[in-house]
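# A closer look at the structure
Below, each chain spelled out in residue letters.
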Amino acid sequence: MSLHDSGVVSRQLRSRRSGPKLAGKRSERRRNQIVRAAVRLFSEKGYYPTTMADIADAAKVSKGLIYVYFNDKNDVLFYALRFVLDMYDSYVTPTLDQNPLAMLQMALRGLCRLVNDHIQEHMLAYRSSKDLTPPQRLEIKTGELKIARLFRACIESCVHNRTMNPMNIEVMVYQFVMFGHTWALKNWVFRDKCTLDEYAAAGEQHLIAPFLTPKGKRLFEPLRIEAS
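Computed from a predicted model, the values in this text were never measured in an experiment. (Residues numbered from 1 in each chain as written. Predicted model: local features only at pLDDT ≥ 70, side-chain atom pairs only at ≥ 80, totals over all residues. Heavy atoms only, no water.)

Attention now goes to the overall build of the chain. A tally of helices and strands in the chain yields 13 helices and zero strands. Burial statistics for the chain: of 228 residues in total, 45% are counted as buried. Pairs at least 24 apart in sequence give 71% of the contacts found in the chain among residues at least 6 apart. (Helix = DSSP H or I, 4+ residues; strand = E, 2+ residues; numbered from the N terminus. Buried < 20%, exposed > 50% of the residue type's maximum accessible area, 1.4 Å probe, protein only. Contact = heavy atoms within 4.5 Å.)

See below:
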């Protein structure tokens, strides 16, 4: 698919997204109320067994009202997954003087916090993204690639300024992404063994510390202490 084709798909999706159907904080609260109920049902019952009537009952709204905000059940699922990906920027807020190593730490901890706040949605992304339409899947992948690009840029900068040793950057990028997602996928294991901060710190020790140069170790130690 060409960049032009991707742009066309993106514009088509924006024109039919559920978000702009109604404006205002009250509408946004109602929409999120419906989505939270749907996500819970999709997680507990599965995507296909869940009906729009089930969602309406769980959200305590009329079935007709759901169609004011969403085209169909597929649209609800798409909105939930896209909404979470769109939130990542708010979890990672770099400053202009942020060094790449600090930004890499922030990117990892931000992803872990996002996953922790939206565990069910991340579980759904693995279980049910196949039920999206091809254009919807493309947009979800685009959102995931945006997160991956941030990790790639941080790692490349760390290697360039000699705070981290050279590595297979493409492989490492997705080690970071998967580490964040694993907090959701294996939460039933980790939630009784460590806190989210302890989990993120362990990620730093496995994904960052082994690749630090002497310069990187000097810079990273204060960051690690501050985050602990």
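Topologically, Asp 75 is positioned in helix α5 (residues 73-86). Within the local environment of Asp 75, its side chain forms a polar contact with the backbone nitrogen of Asn 71, the two atoms lying 3.1 Å apart. (Polar contact = N/O pair within 3.5 Å; in protein donor to acceptor, adjacent residues only side chain to side chain.)

For the rest of this paragraph, the subject is the pattern of salt bridges. Following the criterion strictly, the structure yields eight salt bridges and no others. Lys 45 is paired through a salt bridge with Asp 54; the nearest N and O atoms lie 2.9 Å apart. For Glu 221, the salt bridge identified is with Arg 224, shortest N-O distance 2.5 Å. One end of the pair is Glu 221 and the other is Arg 224, both in helix α13 (residues 214-227) and three residues apart, which spans about a single turn. (Salt bridge = Lys/Arg side-chain N within 4 Å of Asp/Glu carboxyl O.)

Looking now at the environment of Arg 218. Residue position: Arg 218 is located in helix α13. You can call Arg 218 exposed: its relative accessible area is 59%.

What follows is about the state of the cysteines. Under the definition given, this model contains zero disulfides. This cysteine, Cys 112, is not joined by any disulfide, and Cys 194 carries the nearest cysteine sulfur, 10.0 Å off. The class of Cys 112 is buried, set by a relative accessible area of 1%. Unpaired in terms of disulfides, Cys 158 finds its nearest cysteine sulfur in Cys 154, a separation of 6.7 Å. (Disulfide = S-S within 2.5 Å.)

Across its 21 residues, helix α2 (residues 25-45) extends 30 Å between first and last C-alpha, which sits within 8% of the 30 Å expected from 1.5 Å per residue. Listed as buried for α2 are Ser 27, Arg 31, Asn 32, Ile 34, Val 35, Ala 37, Ala 38, Val 39, Leu 41, Phe 42 and Ser 43. For α2, the elements touching its buried residues are α3 (52-59), α4 (63-69), α5 and α8 (119-128). Positive backbone phi, at 100 degrees, marks Gly 46, one or two positions downstream of α2. (Expected span 1.5 Å × (residues − 1).)

Another aspect to go through is the side chain of Gln 105. Mapped onto the secondary structure, Gln 105 falls in helix α7 (residues 100-117). A polar atom in the side chain of Gln 105 sits 3.3 Å from the side chain of Glu 204. For Gln 105, the contacting residues outside a window of four places in its chain are Glu 204, Ile 208, Phe 220, Leu 223, Arg 224 and Ala 227.

Enumeration over the complete set of coordinates arrives at nine aromatic pairs. Aromatic pair Tyr 47 and Tyr 48: ring centres 5.4 Å apart, planes at 75 degrees, arrangement edge-to-face. We classify Tyr 48 as exposed; its relative accessible area is 62%. By the ring-pair criterion, three or more aromatic residues cluster together here, those being Phe 179, Trp 183, Phe 190 and Tyr 199. Against the face of Tyr 47 rests Lys 73, its NZ or CZ located 4.4 Å from the ring centre. (Phe/Tyr/Trp six-rings, centres within 6.5 Å; stacked < 30°, edge-to-face > 60°. Lys NZ or Arg CZ within 6 Å of the ring centre and 35° of its normal.)

Another aspect to go through is the nonpolar core. Formed by 67 residues in total, the largest nonpolar core has its most connected members in Phe 151 and Phe 176. With ten residues, α7 is the largest single contributor of residues to this core. (Core = buried A, V, L, I, M, F, W, Y, C linked by side-chain atoms within 4.5 Å.)

A word on the packing of α7 against helix α9 (residues 134-160). It is at 8 Å that the axes of α7 and α9 come closest, and there the two elements cross at 155 degrees. As the angle between them shows, α7 and α9 are arranged roughly antiparallel. When you trace α7 past α9, the crossing you get is left-handed. Note on element contacts: α9 touches α7 through Leu 150, Phe 151, Cys 154, Ile 155, Ser 157 and Cys 158, opposite Pro 100, Leu 101, Met 103, Leu 104, Ala 107, Leu 108 and Leu 111. Class assignment for the residues of the contact of α7 with α9 results in twelve nonpolar, one polar and no charged. (Axes fitted to C-alpha atoms, helices over the stretch in contact; angles between N-to-C directions. Parallel < 35°, antiparallel > 145°, perpendicular 65-115°, else oblique. Left-handed = near helix turned anticlockwise from the far one by under 90°. Nonpolar A, V, L, I, M, F, W, Y, C, P; charged D, E, K, R; others polar.)

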